[in-house]
Amino acid sequence: MCLVAALAAPDEAAQSQTYRAPKARRHFVSVTYETQFVHPYGFDKHPLSELLGQPVDEVHLESYQYRTRDQQTVVNVVEFGKRATAIGATVYPFGSSEGATLAIRGSFETVPTIRLAFTGPTPSPTYELTNGRATDFSIGVDMSDRSPGWGIGGHAFIMGGIGRIRTDQLDGSRYFGEGGGGVTSGPFGIDVSVKFTVNRFSTPVPHSIYMVPVSVRGTLTF
(Lines give C-alpha, C1' and ligand atoms only; values in the text may rest on other atoms or scores of the structure.)
Protein backbone atom coordinates (compact mmCIF):
# COMPACT_ATOMS: atom_id res chain seq x y z
CA MET A 1 0.00 0.00 0.00
CA CYS A 2 2.87 2.38 0.79
CA LEU A 3 4.42 1.63 -2.60
CA VAL A 4 1.15 2.34 -4.44
CA ALA A 5 0.74 5.64 -2.56
CA ALA A 6 4.31 6.68 -3.40
CA LEU A 7 3.81 5.94 -7.10
CA ALA A 8 0.47 7.80 -7.26
CA ALA A 9 1.73 10.95 -5.52
CA PRO A 10 3.83 12.34 -8.44
CA ASP A 11 0.86 11.96 -10.85
CA GLU A 12 -1.43 13.84 -8.51
CA ALA A 13 1.17 16.60 -8.10
CA ALA A 14 1.61 16.89 -11.88
CA GLN A 15 -2.14 17.19 -12.40
CA SER A 16 -2.35 19.94 -9.78
CA GLN A 17 0.45 21.87 -11.51
CA THR A 18 -1.00 22.01 -15.04
CA TYR A 19 1.06 24.35 -17.22
CA ARG A 20 -0.67 27.54 -18.30
CA ALA A 21 0.98 29.70 -20.96
CA PRO A 22 1.26 33.38 -19.99
CA LYS A 23 -1.23 35.67 -21.71
CA ALA A 24 -0.40 38.99 -23.35
CA ARG A 25 -1.63 42.01 -21.47
CA ARG A 26 -4.55 43.95 -22.89
CA HIS A 27 -3.81 46.82 -25.27
CA PHE A 28 -6.22 49.74 -25.61
CA VAL A 29 -4.78 52.22 -28.13
CA SER A 30 -2.84 51.79 -31.38
CA VAL A 31 -1.23 54.78 -33.13
CA THR A 32 -0.46 54.32 -36.84
CA TYR A 33 1.36 55.84 -39.79
CA GLU A 34 0.90 54.43 -43.27
CA THR A 35 1.84 54.72 -46.92
CA GLN A 36 -0.93 54.09 -49.44
CA PHE A 37 -0.77 52.89 -53.03
CA VAL A 38 -4.03 54.14 -54.56
CA HIS A 39 -5.78 52.53 -57.53
CA PRO A 40 -8.86 53.84 -59.37
CA TYR A 41 -11.85 51.56 -59.79
CA GLY A 42 -14.49 51.89 -62.49
CA PHE A 43 -13.08 55.25 -63.60
CA ASP A 44 -15.03 55.19 -66.88
CA LYS A 45 -18.31 55.16 -64.94
CA HIS A 46 -17.29 57.02 -61.80
CA PRO A 47 -16.78 59.88 -62.45
CA LEU A 48 -16.47 60.13 -66.26
CA SER A 49 -19.92 58.90 -67.33
CA GLU A 50 -21.51 60.93 -64.55
CA LEU A 51 -19.64 64.11 -65.54
CA LEU A 52 -20.32 63.73 -69.26
CA GLY A 53 -23.86 62.40 -69.00
CA GLN A 54 -23.33 59.38 -71.28
CA PRO A 55 -21.41 56.09 -71.44
CA VAL A 56 -17.61 56.33 -71.68
CA ASP A 57 -15.20 53.67 -72.93
CA GLU A 58 -11.53 53.17 -72.20
CA VAL A 59 -9.32 53.22 -75.31
CA HIS A 60 -5.77 52.10 -76.05
CA LEU A 61 -3.00 53.10 -78.47
CA GLU A 62 -4.32 56.66 -78.59
CA SER A 63 -3.07 59.99 -77.24
CA TYR A 64 -6.05 60.01 -74.85
CA GLN A 65 -7.39 57.39 -72.45
CA TYR A 66 -11.21 57.56 -72.68
CA ARG A 67 -13.85 58.42 -75.27
CA THR A 68 -17.62 58.87 -75.10
CA ARG A 69 -19.78 56.25 -76.77
CA ASP A 70 -20.92 58.80 -79.39
CA GLN A 71 -17.25 59.47 -80.36
CA GLN A 72 -17.70 63.21 -79.75
CA THR A 73 -15.67 63.77 -76.58
CA VAL A 74 -12.28 62.41 -75.56
CA VAL A 75 -10.72 62.45 -72.11
CA ASN A 76 -7.03 62.81 -71.34
CA VAL A 77 -5.98 61.77 -67.82
CA VAL A 78 -3.29 64.37 -67.23
CA GLU A 79 -2.58 63.13 -63.70
CA PHE A 80 -3.89 60.52 -61.31
CA GLY A 81 -1.65 60.29 -58.25
CA LYS A 82 -0.85 56.84 -56.91
CA ARG A 83 0.63 57.66 -53.50
CA ALA A 84 -0.95 58.92 -50.31
CA THR A 85 -0.17 58.90 -46.59
CA ALA A 86 -2.24 58.69 -43.42
CA ILE A 87 -1.96 58.96 -39.66
CA GLY A 88 -4.53 57.52 -37.30
CA ALA A 89 -5.42 55.88 -34.03
CA THR A 90 -7.45 52.80 -33.17
CA VAL A 91 -9.12 52.47 -29.77
CA TYR A 92 -10.08 49.09 -28.27
CA PRO A 93 -12.65 49.95 -25.56
CA PHE A 94 -12.60 46.44 -24.08
CA GLY A 95 -8.91 45.82 -24.68
CA SER A 96 -7.13 43.70 -27.28
CA SER A 97 -5.23 40.56 -26.29
CA GLU A 98 -6.77 37.31 -27.54
CA GLY A 99 -9.94 36.79 -29.54
CA ALA A 100 -12.40 39.26 -31.03
CA THR A 101 -12.86 42.79 -29.71
CA LEU A 102 -14.49 46.06 -30.72
CA ALA A 103 -12.28 48.51 -32.62
CA ILE A 104 -12.99 52.23 -33.23
CA ARG A 105 -10.67 54.10 -35.59
CA GLY A 106 -10.09 57.66 -36.72
CA SER A 107 -7.63 58.75 -39.41
CA PHE A 108 -6.47 61.76 -41.40
CA GLU A 109 -5.41 60.92 -44.98
CA THR A 110 -4.10 62.68 -48.04
CA VAL A 111 -5.95 62.11 -51.33
CA PRO A 112 -4.10 61.78 -54.66
CA THR A 113 -4.29 64.60 -57.19
CA ILE A 114 -6.59 64.13 -60.19
CA ARG A 115 -6.37 66.25 -63.35
CA LEU A 116 -8.48 65.61 -66.45
CA ALA A 117 -8.71 67.43 -69.80
CA PHE A 118 -11.75 67.11 -72.10
CA THR A 119 -11.90 67.73 -75.83
CA GLY A 120 -15.37 68.03 -77.37
CA PRO A 121 -18.83 68.77 -75.98
CA THR A 122 -18.48 68.92 -72.21
CA PRO A 123 -19.70 71.06 -69.30
CA SER A 124 -16.11 72.08 -68.53
CA PRO A 125 -12.81 71.71 -70.43
CA THR A 126 -10.97 70.50 -67.30
CA TYR A 127 -11.59 68.70 -64.02
CA GLU A 128 -9.20 68.95 -61.09
CA LEU A 129 -8.95 67.75 -57.50
CA THR A 130 -5.77 68.97 -55.81
CA ASN A 131 -4.43 69.09 -52.26
CA GLY A 132 -7.01 66.54 -51.16
CA ARG A 133 -7.34 65.41 -47.55
CA ALA A 134 -9.90 63.23 -45.82
CA THR A 135 -11.00 62.68 -42.24
CA ASP A 136 -12.41 59.19 -41.62
CA PHE A 137 -14.16 57.45 -38.73
CA SER A 138 -14.85 53.72 -38.68
CA ILE A 139 -15.95 50.89 -36.42
CA GLY A 140 -15.39 47.18 -36.70
CA VAL A 141 -14.03 43.97 -35.21
CA ASP A 142 -10.40 43.12 -34.49
CA MET A 143 -9.40 39.47 -34.02
CA SER A 144 -6.05 39.26 -32.23
CA ASP A 145 -3.64 36.66 -30.92
CA ARG A 146 -0.99 38.77 -29.20
CA SER A 147 2.05 37.26 -27.51
CA PRO A 148 3.43 38.31 -24.14
CA GLY A 149 6.67 40.28 -24.04
CA TRP A 150 8.46 40.47 -27.38
CA GLY A 151 6.94 37.32 -28.82
CA ILE A 152 5.48 37.30 -32.31
CA GLY A 153 1.72 37.72 -32.46
CA GLY A 154 -0.84 38.72 -35.05
CA HIS A 155 -4.24 40.21 -35.66
CA ALA A 156 -6.82 40.75 -38.41
CA PHE A 157 -9.60 43.30 -38.71
CA ILE A 158 -12.61 44.35 -40.77
CA MET A 159 -14.16 47.80 -40.51
CA GLY A 160 -16.58 50.19 -42.18
CA GLY A 161 -17.07 53.90 -41.85
CA ILE A 162 -17.78 57.37 -43.18
CA GLY A 163 -15.75 60.52 -43.67
CA ARG A 164 -15.37 63.97 -45.18
CA ILE A 165 -13.11 64.87 -48.09
CA ARG A 166 -11.81 68.37 -48.88
CA THR A 167 -9.86 69.58 -51.90
CA ASP A 168 -8.91 72.97 -53.31
CA GLN A 169 -11.84 72.76 -55.73
CA LEU A 170 -14.59 70.62 -54.11
CA ASP A 171 -15.73 69.31 -50.75
CA GLY A 172 -17.66 66.08 -50.37
CA SER A 173 -18.45 63.03 -48.30
CA ARG A 174 -17.32 59.43 -48.49
CA TYR A 175 -17.95 55.97 -47.15
CA PHE A 176 -15.70 52.92 -47.14
CA GLY A 177 -14.95 49.39 -46.05
CA GLU A 178 -11.53 48.13 -44.99
CA GLY A 179 -9.95 44.81 -44.11
CA GLY A 180 -6.45 43.65 -43.30
CA GLY A 181 -4.11 42.29 -40.70
CA GLY A 182 -0.52 42.12 -39.57
CA VAL A 183 2.11 40.91 -37.16
CA THR A 184 3.12 42.33 -33.79
CA SER A 185 6.10 42.09 -31.47
CA GLY A 186 5.85 43.88 -28.17
CA PRO A 187 4.27 47.31 -28.81
CA PHE A 188 5.33 47.43 -32.47
CA GLY A 189 3.65 46.01 -35.53
CA ILE A 190 3.27 46.09 -39.31
CA ASP A 191 -0.13 45.85 -41.02
CA VAL A 192 -1.27 45.51 -44.63
CA SER A 193 -4.81 46.59 -45.49
CA VAL A 194 -7.11 47.11 -48.47
CA LYS A 195 -9.74 49.84 -48.42
CA PHE A 196 -12.60 50.44 -50.87
CA THR A 197 -13.62 54.11 -50.81
CA VAL A 198 -16.49 55.93 -52.52
CA ASN A 199 -15.90 59.70 -52.65
CA ARG A 200 -19.04 61.71 -53.46
CA PHE A 201 -19.33 65.28 -54.76
CA SER A 202 -22.35 67.38 -55.73
CA THR A 203 -20.82 69.83 -58.25
CA PRO A 204 -20.63 70.49 -61.16
CA VAL A 205 -23.07 67.54 -61.26
CA PRO A 206 -23.52 64.76 -58.68
CA HIS A 207 -20.69 62.29 -59.20
CA SER A 208 -18.41 59.92 -57.32
CA ILE A 209 -14.86 58.62 -57.54
CA TYR A 210 -14.04 55.07 -56.48
CA MET A 211 -10.57 54.47 -55.03
CA VAL A 212 -8.84 51.36 -53.67
CA PRO A 213 -5.92 52.27 -51.38
CA VAL A 214 -3.57 49.41 -50.47
CA SER A 215 -1.76 50.39 -47.28
CA VAL A 216 1.41 49.39 -45.49
CA ARG A 217 1.00 50.58 -41.91
CA GLY A 218 3.37 50.84 -38.96
CA THR A 219 1.74 50.57 -35.53
CA LEU A 220 2.61 51.45 -31.93
CA THR A 221 0.19 49.86 -29.48
CA PHE A 222 -0.10 50.36 -25.73
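Up top is the structure these notes are about.
The present account deals with the structure reproduced in this document. (Residues numbered from 1 in each chain as written. Predicted model: local features only at pLDDT ≥ 70, side-chain atom pairs only at ≥ 80, totals over all residues. Heavy atoms only, no water.)

**Observations concerning the pattern of salt bridges**
Move 1: Counted by the stated rule, this structure contains twelve salt bridges.
Move 2: Measuring nitrogen to oxygen at the nearest pair gives 2.7 Å for the salt bridge that ties Glu34 to Arg217. Separated by 183 residues along the polypeptide, Glu34 in strand E1 (residues 27-40) and Arg217 in strand E13 (residues 207-221) bring together distant segments of the chain. Each of the two residues, Glu34 as well as Arg217, counts as buried.
Move 3: The salt bridge partner of Arg174 is Glu109, with a shortest N-O separation of 3.1 Å. Pair noted here: Arg174 is in strand E11 (residues 171-185) and Glu109 is in strand E6 (residues 98-111), with a separation of 65 residues, a long-range link. (Salt bridge = Lys/Arg side-chain N within 4 Å of Asp/Glu carboxyl O. Helix = DSSP H or I, 4+ residues; strand = E, 2+ residues; numbered from the N terminus. Buried < 20%, exposed > 50% of the residue type's maximum accessible area, 1.4 Å probe, protein only.)

**Quick look at the sheet that holds strand E10 (residues 152-166)**
Move 1: The antiparallel closed barrel is built from eight strands, whose spatial order is E1-E5-E6-E9-E10-E11-E12-E13. For this sheet, the mean inter-axis angle between neighbouring strands, taken without regard to orientation, is 25°.
Move 2: Sheet topology places E10 next to E11; 15 bridges connect them, and they run antiparallel. Bridge pairing in E11 places Phe157 opposite Gly180. (Pairing = 2+ DSSP bridges. Axes fitted to C-alpha atoms, helices over the stretch in contact; angles between N-to-C directions.)

**What to know about unusual backbone geometry**
Move 1: Between His46 and the following residue, Pro47, the backbone shows a cis peptide bond with an omega angle of 20°.
Move 2: Among the structural elements, Pro47 can be located in helix H2 (residues 44-52).
Move 3: Cis geometry is adopted by the peptide bond preceding Pro204, which originates at Thr203 and carries an omega value of 0°.
Move 4: Looking at where Pro204 falls in the secondary structure, it is placed in the loop between strand E12 (188-201) and E13.
Move 5: Even without glycine at this site, Leu61 takes up a positive phi of about 60°.
Move 6: Tracing the backbone shows Leu61 in the loop between strand E2 (56-58) and strand E3 (66-68).

**Quick look at the environment of Arg115**
Move 1: Tracing the backbone through its elements, the reader meets Arg115 in strand E7 (residues 114-119).
Move 2: According to the relative accessible area criterion, Arg115 is partly exposed, its value standing at 30%.
Move 3: For the pair formed by Arg115 and Val75, sequence separation is 40 residues and the distance between their alpha carbons is 10 Å.
Move 4: Leaving out residues up to four positions away in the same chain, Arg115 has contacts with Asn76, Val77, Val78, Glu79, Tyr127, Glu128 and Thr130.
Move 5: A polar contact is formed between the side chain of Arg115 and the side chain of Glu79, at a distance of 2.5 Å. (Contact = heavy atoms within 4.5 Å. Polar contact = N/O pair within 3.5 Å; in protein donor to acceptor, adjacent residues only side chain to side chain.)

**Digging into the nonpolar core**
Move 1: In this structure, Leu48, Ile114, Phe118 and Tyr127 are the most contacted members of the largest nonpolar core, which totals 22 residues.
Move 2: Sorting the residues of this core by element identifies H2, strand E4 (74-80), E7, strand E8 (126-129) and E13 as the ones contributing at least two each.
Move 3: Once you skip the residues sitting within four places of it in the chain, Leu48 turns out to touch Phe43, Val56, Tyr66, Val75, Leu116 and Phe118. (Core = buried A, V, L, I, M, F, W, Y, C linked by side-chain atoms within 4.5 Å.)

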